[in-house]
Amino acid sequence: MARKTKNTDANGAPVKTKRKRNYRRRQRNTSIFFLLWAVFSALSFLIVLLFGVTQQMVMTQTYKSEAARELSEKGGKIETAILKTPSSEFGGNRSALIRYLAMHYDLQVYILDETGEVLLPQEPDLDQNREELDETFDYSEEIETLKQRLTESGDSYVIYEGVGEYVYGAKISLYEDSEVYLYVAKSLDFIETSSKQMRVRMGLVTVFIFVLSFALSSAISGWFTRPLTEMTKKARQLARGDFDVDFHGDDYSQEMAALADTLNFARDELSKTDRMQKELIANVSHDFKTPLTMIKAYASMIIEISGDVPEKRNKHAQVIVEEADRLTSLVSDVLDLSKISSGIDGLKLTTFDMSAYLSEILDRFGYLRDTQGYVFETEIEEELYTRADELKIGQAVYNLIGNAVNYTGADKKVRVSLKKVSETEFRFAVTDTGAGIKPEEIPTIWDRYYRSAETHKRPVKGTGLGLSIVKTVLEKHGFVFGVESERGKGSTFYILFPAAPPQNNFV
Ligand code: ADP
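Residues numbered from 1 in each chain as written. Predicted model: local features only at pLDDT ≥ 70, side-chain atom pairs only at ≥ 80, totals over all residues. Heavy atoms only, no water.

## A short note on the sheet that holds strand β4 (residues 165-172)
Read from one edge to the other, the open sheet built from five strands follows the order β2-β1-β5-β4-β3, with strand pairing classed as antiparallel. Strands at the two margins of the open sheet, each flanked by one partner only, are β2 (118-120) and β3 (157-161). On average, adjacent strands in this sheet sit at an angle of 30° to one another, irrespective of strand direction. As defined by bridge partners, strand β1 (residues 108-112) adjoins strand β5 (residues 180-187) across five bridges and the pair is classed as antiparallel. Counted as the bridge partner of Val109 is Val184 from β5. (Pairing = 2+ DSSP bridges. Helix = DSSP H or I, 4+ residues; strand = E, 2+ residues; numbered from the N terminus. Axes fitted to C-alpha atoms, helices over the stretch in contact; angles between N-to-C directions.)

## What about the nonpolar core?
Residues Ile401 and Phe428 are the most contacted members of the largest nonpolar core, which totals 43 residues. With seven residues, the top contributor of residues to this core is helix α10 (residues 390-407). In terms of nonpolar packing, the next biggest core, distinct from the first, is built from 23 residues, Leu71, Leu101, Val109 and Ala170 among them. (Core = buried A, V, L, I, M, F, W, Y, C linked by side-chain atoms within 4.5 Å. Buried < 20%, exposed > 50% of the residue type's maximum accessible area, 1.4 Å probe, protein only.)

## Description of a negative patch on the surface
Together, Glu230, Asp250, Asp251 and Asp261 make up a region of like negative charge exposed at the surface. Locating Asp251 in the fold gives a position in the loop between α5 (189-239) and α6 (254-304). (Patch = residues over 30% accessible without salt bridge, like charges linked within 9 Å, V, L, I, M, F, W, Y side chains within 5 Å. Areas by Shrake-Rupley, 256 points an atom, 1.4 Å probe, with all protein chains shown as cover. Salt bridge = Lys/Arg side-chain N within 4 Å of Asp/Glu carboxyl O. Lys, Arg positive; Asp, Glu negative; His and termini not counted. Charge placed at Lys NZ, Arg CZ, Asp CG, Glu CD.)

## Describing the packing of aromatic side chains
What the rule picks out here adds up to 11 aromatic pairs. Between Trp446 and Phe481 the ring centres are 5.0 Å apart and the planes differ by 70°, which places this aromatic pair in the edge-to-face class. Here Phe481 lies in strand β11 (residues 480-486) and Trp446 lies in the loop between α11 (442-445) and α12 (466-477), a separation of 35 residues in the sequence. For the residue pair Trp446 and Phe481, the accessibility class agrees, reading buried in each case. The ring of Phe190 has Lys186 sitting right over it, with the charged end atom 5.5 Å from the ring centre. (Phe/Tyr/Trp six-rings, centres within 6.5 Å; stacked < 30°, edge-to-face > 60°. Lys NZ or Arg CZ within 6 Å of the ring centre and 35° of its normal.)

## Let's talk about the sheet that holds β11
The strand order across the open sheet formed by five strands is β7-β9-β10-β12-β11, and the pairing between neighbours is mixed. Two strands lie at the open edges of the sheet, namely β7 (375-380) and β11, each paired on one side alone. Strand after strand, the sheet turns through a mean of 10° between neighbouring axes, direction not considered. Here strand β9 (residues 413-420) pairs with strand β10 (residues 425-432) via seven bridges, running antiparallel. Bridging from a neighbouring strand, Val416 pairs with Val430 of β10. Docked against the sheet, α10 engages β7, β9, β10 and β12 (490-498), running at close to 30° with respect to β10. (Contact = heavy atoms within 4.5 Å.)

## Examining unusual backbone geometry
Along the chain, Leu120 connects to Pro121 via a cis peptide bond; the corresponding omega equals -10°. Here Pro121 is to be found in the loop between β2 and α3 (131-136). Although it is not a glycine, Asp106 sits at a positive phi angle of roughly 55°. Within the secondary structure layout, Asp106 lies in the loop between α2 (94-105) and β1. Classification of Asp106 as exposed rests on a relative accessible area of 60%.

As structure tokens, then:
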């Protein structure tokens, strides 16, 4: 199985892999402004609500316990005052004393009899027969509760929450003949009033918050979307082929800066591809034109001059055949590359003996050894099996050896090796003794359409597409490959093959 490895070049930098991109369908999504506004409003509203509810709860609780504390303190004092004040004070008028105490402590103070009738303070000026007064001074229900609480607690006095008020109650012996009750109450109306006020305030705060979050969201979303809108505009320009656009994001956030960097990178890549595409057309047309011109020239020569001289005619016809071959290989390279990179031609994986296959490929270069003095030094370990698309791998290896032949030095030496590096991997390497590759050109040589500016006389036909085919084939397999090169000393191109157990493919 082809192992998925990250492709790296000789410097360890990952070789960029082209990915299929799916453009998302245009959707009518909510705007950032609305989202921000909704989030802000909801959040602030939640905070106000939480704050309000806790405030109200805490406030009510605090007020109540404060009322209880106040009552227990003041109730005791009132009780003592009533019982201990000598009758000479207040002119012996207990009603006046009680009214004074009620006013002084800001509480309701009554002396009630067993039935809940108000004994003190007496209001001689009031018409006792008026019905509403009966109601106001009817403490029959309250006295029942008070009596019950006193019995339950067994204490001399009780403090409890009654209907809308807090009550301090005690049984006192004011008159020798009968028991009466002291009833001190603090109304809880003020709690209701304060919470009503608070609700109104909270309502106002909520409205204010909505307005504020609207303003904040517009400001923030404007701040967020401005660079996006700008970048979208520029990206459109870029899509129309304007490679001069520059994306800025530094004035905004880190993420915007990263997006701008990515877009600038995309622009550079696009412009590079665009430039290379134009160069390819120029190169390919030039490469097509040269053999065509030669074919035409030699054909004319045959017609006009050498047609009757067999020796010359054959030589000229031979040139025509060679040039036609060059054209054919150029066309097939262009076709191969477009087929491989468009993925029309899927990988046909088989397990094969790479050692044997490499020897076979090397045999194809035999004519160079025999006729032009090339020296192939080989170091091939036997029976190294891999699983891959045999034909395509063959093409990649052939291109690499072809390049080594083309670019090797005057000694015409090319070293080819295939060695195990671990139990799971073996390495193919082809080394030449040529001028090497400039470090800054290394990342570019794999690019489609790239050809070094330096012109070269090549014994093997080159189209400028060879390494691009190698890269596409190896990336499709997920194999690690790369180049190590030293100026003036030569270059080594290598491929790491995953080892596979030998397998009979016909089963
Ligand atoms: P071609 O060899 O047909 O120009 P390739 O795609 O095979 O196209 O190679 C691209 C470029 O990479 C070459 O033009 C050359 O500049 C450089 N190159 C490839 N192999 C070597 C090598 N072994 N030594 C030096 N330069 C090389």
